[in-house]
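# Report on the structure
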Amino acid sequence: MTTLDQHHPVDLTLDKTARELRIEWVDGSKSRYGFDYLAAMCPCANCREKRIEMAKNPLHVVSGPLGPAEVGNASMVGRYALSITWQAGCVSGIYSFDYLRSI
């Protein structure tokens, strides 16, 4: 089985009540990702840059109330990724299945 085959989901469930994404992979393994974790690990360029900057600076100033991450919308991107938009944040995160397997 190639890496591409192993990183292909056979079942995707975005559960807004449980606030998690559940994936069953073709190799039989299962993954669960909480919305807060997925939002924090958004792979878009802006969010990646913010994570890099935060890692360099131990001082984090947070303005305004931060609530739990809520999914605005989700859709498939071809056969290789899932696009997730966040109600109060990023709208350009494309989570490839390779990336989801790696986190």
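Structural notes, computed from the coordinates. None of the values given here were measured: they were computed from a predicted structure.

This paragraph deals with the overall build of the protein. Tallying secondary structure elements over the protein gives four helices and six strands in all. Taken from N to C terminus, the helices and strands of the protein fall in the order α-β-β-β-α-α-β-β-β-α. By sequence separation, contacts in the protein at least 24 residues apart represent 37% of the contacts at least 6 residues apart. Just so you have it, the protein exposes about 6700 Å², and 55% of that area is on carbon and sulfur atoms.

Pairing in this open sheet of three strands is antiparallel, and the strands run β1-β2-β3 from one edge to the other. Edge positions in the sheet fall to β1 (9–15) and β3 (30–34), since each has one partner strand and no second. With strand direction ignored, the average angle separating the axes of adjacent strands in the sheet is 15 degrees. Strand direction decides the pairing type here: strand β2 (residues 20–25) and β3, joined by five bridges, are antiparallel. Among the inter-strand pairings, Glu20 is bridged to a residue of β3, identified as Gly34.

Time to look at the pattern of salt bridges. Tallying each qualifying case throughout the model produces seven salt bridges. The partner of Arg22 in a salt bridge is Asp15, and the shortest N-O contact between them spans 3.2 Å. Residues Glu20 and Arg32 are paired through a salt bridge, measuring 2.6 Å at the closest nitrogen-oxygen approach. Taken as a pair, Glu20 in strand β2 and Arg32 in strand β3 lie far apart in primary sequence, 12 residues in all. Looking at Arg32, the relative accessible area reads 59%, which means it is exposed. Salt bridges linked by common partners bring Asp15, Glu20, Arg22 and Arg32 together as one network.

About the criteria used
Residues numbered from 1 in each chain as written. Predicted model: local features only at pLDDT ≥ 70, side-chain atom pairs only at ≥ 80, totals over all residues. Heavy atoms only, no water. Helix = DSSP H or I, 4+ residues; strand = E, 2+ residues; numbered from the N terminus. Contact = heavy atoms within 4.5 Å. Areas by Shrake-Rupley, 256 points an atom, 1.4 Å probe, with all protein chains shown as cover. Pairing = 2+ DSSP bridges. Axes fitted to C-alpha atoms, helices over the stretch in contact; angles between N-to-C directions. Salt bridge = Lys/Arg side-chain N within 4 Å of Asp/Glu carboxyl O. Buried < 20%, exposed > 50% of the residue type's maximum accessible area, 1.4 Å probe, protein only.

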